[in-house]
Amino acid sequence: GLKVRVAQATGAERRSGKELTKVGSSGGEMWSRTLLKSLRGARQSSQQSGERSLGTLCIVEAKDGAGGLDSASKATLACAQKHLPKPFVALVASDAKGASEEAAGEIASLAGVETVLHGVSDKEGANGLLAEPLSQVVAALVGKLEPTHVVTGSNTFGKNLLPRVAALLDSAPITDVVQVVDESTFVRPIYAGNALSTVKFVGKGPLLLSVRTTAFGSEALETAQGAGAEVASVGAEEVAAGAAAEALSEWVGEEKSESERPQLDAARVVVSGGRALKSKENFEMLEKLADQLGGALGASRAAVDAGMCSNDLQVGQTGKVVAPELYLAIGISGAIQHLAGMKDSKTIVAINKDPEAPIFKVADYGLVGDLFKIIPELAEKLPSQK
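A short tour of the structure in this document, coming up. Note that the coordinates shown come from a computational prediction; the quantities given were computed from them, not determined experimentally.

### Examining the pairing of strand β3 (residues 56-62)
With seven of seven residues buried, β3 is to be regarded as a mostly interior element. Across the two faces of β3 the burial is the same, with Thr-56, Cys-58, Val-60 and Ala-62 and Leu-57, Ile-59 and Glu-61 all buried. In this sheet, strand β4 (residues 88-94) lies alongside β3 in parallel orientation, the contact comprising seven bridges. Counterpart to Val-60 in the pairing with β4 is Val-92. Bridging between β3 and strand β6 (residues 149-153) involves three bridges; their strand directions are parallel.

Given below as structure tokens:
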């Protein structure tokens, strides 16, 4: 009989491959195309016995007007490409047909991608991003493709979608992954990022996980050599499964704050303000500084709750997690919840009048003083980057 260690096969094993190196063989024995058929038969037998096929289902978001894949989608694809079983199938959820097709074409050019699926809803508009019907589409796809892993980003989109998929598939998700140890072992932060927990998945699968942009976003995506992956529409059965759940929720609208600044979670420089700024008018001082540095504007939860800025600028455990090259914390004390969202930044500069503020414990550079005197002087001396 044919003995195959499918679980330990590498990325060289492709469903559409022409040759395969036998695991553990001496002298690099190559399977012929004829024996590859036997391998596929063995894989089908393993599926019938309860085991899953080798591969990953990667779920990404593409929004109209975003100008391509966002940082969370790129981090999700990088994790699937570099650390999870291959080949992988990508599912693009979008609020516009044009954005969906653009993202699908971009993903199809990546190495390791077998198929890119898009068109999760037969209705135009934001229905393709609603978690209730989309989770049904994903669950139906998992039943059809039988991937070992399902991965998405740990952003608002992923946090809304993954728990629903997990409930439908009766499989516990592993969230906020920052490191992949092996195909079933992962590292994730706990206690607001003050400790790292190594967890191992021992269920029957599929293994559902969300990955942090700050952990995988810096990894470059590899482009495929030769022709790109197949781009196709989601099957009629999966679309019908999603349509059956569309009555559960309705897209009413979306209010977005337009800005020429970089997106907060993708900016190289972030200038954040806290409670010490005292008012919305004072908070506007940081806008000029952010523009001079070519960076994004951020805030602590205290500043958001005080009405100094919109809540989409919040950085922290209940806001956005960022890891820019430079993070300026101005008038921020450094509560544990805020540190959880920014302490992975490459360089942290803190400005605070309290020399005992917790922010100085994580800062690379600290300046003790009155921010209302320091910020205007700093803005005056810095050249504009615009």
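Further notes follow.
### Looking at the sheet that holds strand β13 (residues 269-273)
The strand order β14-β13-β15-β16-β17 describes an open sheet built from five strands, whose pairing is parallel. Bordering the open sheet on either side are β14 (296-299) and β17 (365-368), each of which pairs with just one other strand. On average, adjacent strands in this sheet sit at an angle of 15° to one another, irrespective of strand direction. Sitting on the sheet, helix α9 (residues 285-293) touches β13, β14 and β15 (326-330), and the angle it makes with β13 is about 170°. Helix α12 (residues 371-381) contacts β15, β16 (347-352) and β17 of the sheet and is inclined by roughly 130° relative to β16.

### Comments concerning the nonpolar core
If you look at the biggest cluster of nonpolar residues, it comprises 30 residues, and the most contacted ones within it are Leu-77, Ile-107, Val-116, Val-177, Phe-186 and Leu-209. For this core, the elements supplying multiple residues, two or more each, are β3, α2 (71-83), β4, α3 (97-108), β5 (113-118), β7 (174-177) and β11 (207-211). Apart from the residues within four sequence positions on either side, Leu-77 is in contact with Cys-58, Val-60, Leu-69, Phe-88, Ile-107, Leu-110 and Leu-221. In terms of nonpolar packing, the next biggest core, distinct from the first, is built from 24 residues, Val-137, Ala-139, Val-142 and Val-165 among them.

### Considering the pattern of salt bridges
One pass over the structure, following the stated rule, counts eight salt bridges. Across the pair Glu-325 and Arg-268 runs a salt bridge whose closest N-O atoms are separated by 3.1 Å. In this pair, Glu-325 is assigned in the loop between α10 (301-305) and β15 and Arg-268 in the loop between α7 (236-243) and β13, connecting sequence segments 57 residues apart. Residue Glu-325 is classed as partly exposed on the basis of its relative accessible area of 43%.

### Details of the layout of surface pockets
The calculated volume of the second largest pocket comes to roughly 570 Å³. Forming the boundary of the second largest pocket are 28 residues, of which Ser-71, Thr-213, Gly-217, Asp-265 and Ala-266 lie nearest the centre. The greatest single-element share of the lining of the second largest pocket, amounting to four residues, is contributed by α2. Looking at side-chain class alone, the lining of the second largest pocket contains twelve nonpolar, eight polar and eight charged residues.

Reading the values: the criteria
Residues numbered from 1 in each chain as written. Predicted model: local features only at pLDDT ≥ 70, side-chain atom pairs only at ≥ 80, totals over all residues. Heavy atoms only, no water. Buried < 20%, exposed > 50% of the residue type's maximum accessible area, 1.4 Å probe, protein only. Helix = DSSP H or I, 4+ residues; strand = E, 2+ residues; numbered from the N terminus. Pairing = 2+ DSSP bridges. Axes fitted to C-alpha atoms, helices over the stretch in contact; angles between N-to-C directions. Contact = heavy atoms within 4.5 Å. Core = buried A, V, L, I, M, F, W, Y, C linked by side-chain atoms within 4.5 Å. Salt bridge = Lys/Arg side-chain N within 4 Å of Asp/Glu carboxyl O. 1 Å grid on protein atoms, 1.4 Å probe; cavity = no way out; pocket = protein on both sides within 12 Å on 5 of 7 lines; lining within 4 Å. Points joined across faces, edges and corners; volume = space filled by probe spheres on them. Nonpolar A, V, L, I, M, F, W, Y, C, P; charged D, E, K, R; others polar.

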